[in-house]
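Take a look at the letters that make up each chain.
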Amino acid sequence: MTWGALYFYYHCPKCGFKFEYALDMMEEFGADFGKCPKCGEMGTYESDGPRAKNDSEYFEVE
């Protein structure tokens, strides 16, 4: 049984951008998983799990 995608939520300590990565994208991004899509800085981890209630505040990195 599956409960849907899992997401890792981050914010960028450099530019403040909020973003999320789906766990299934970890292999595709490799060492870049968790990096800010705007400036390339490693994001600060906030939480992980299924879609959060405030999900619309976060850009989904694909």
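Predicted model only: the values in this text are computed from it and were never measured.

**Concerning the side chain of Asp55**
Residue position: Asp55 is located in the loop between β3 (44-49) and β4 (59-61). Given a relative accessible area of 14%, Asp55 falls into the buried group. Within the structure, Asp55 has its side chain in polar contact with the side chain of Tyr9 (distance 2.9 Å). Not counting residues within four places of it along the chain, the set of residues in contact with Asp55 comprises Tyr9 and Glu20.

**With respect to the nonpolar core**
By size, the foremost hydrophobic cluster in this structure holds eight residues: Phe8, Tyr10, Cys12, Phe19, Tyr21, Phe33, Cys36 and Val61. The next biggest cluster of nonpolar side chains, apart from the first, holds five residues, and it includes Tyr9, Ala22, Met25 and Tyr58.

Thresholds applied
- In this convention, every chain numbers its residues from 1, walking through the sequence in written order.
- Totals for whole chains, interfaces and linings use every residue, but because this is a predicted model, local features are given only for residues with pLDDT of at least 70 and side-chain atom pairs only at 80 or more, for both listing and counting.
- Side-chain figures throughout are based on the complete set of non-hydrogen atoms in the structure, without hydrogens or water.
- Numbering of helices and strands starts at the N terminus; helices are DSSP runs of H or I of at least 4 residues and strands are runs of E of at least 2.
- The cut-offs for exposure are 20% and 50% of the maximum accessible area for each residue type, with area from a 1.4 Å probe on protein chains only; residues under the lower value are buried, those over the upper are exposed, and the others partly exposed.
- Polar contact is the term for a pair of N or O atoms within 3.5 Å; when the atoms are in protein, one must be able to donate a hydrogen and the other to accept it, and sequence-neighboring residues count only if both atoms are side-chain atoms.
- In what follows, residue pairs with any heavy atoms lying within 4.5 Å of each other are defined as contacts.
- Residues grouped as a nonpolar core are buried Ala, Val, Leu, Ile, Met, Phe, Trp, Tyr and Cys residues, joined through side-chain atoms within 4.5 Å.

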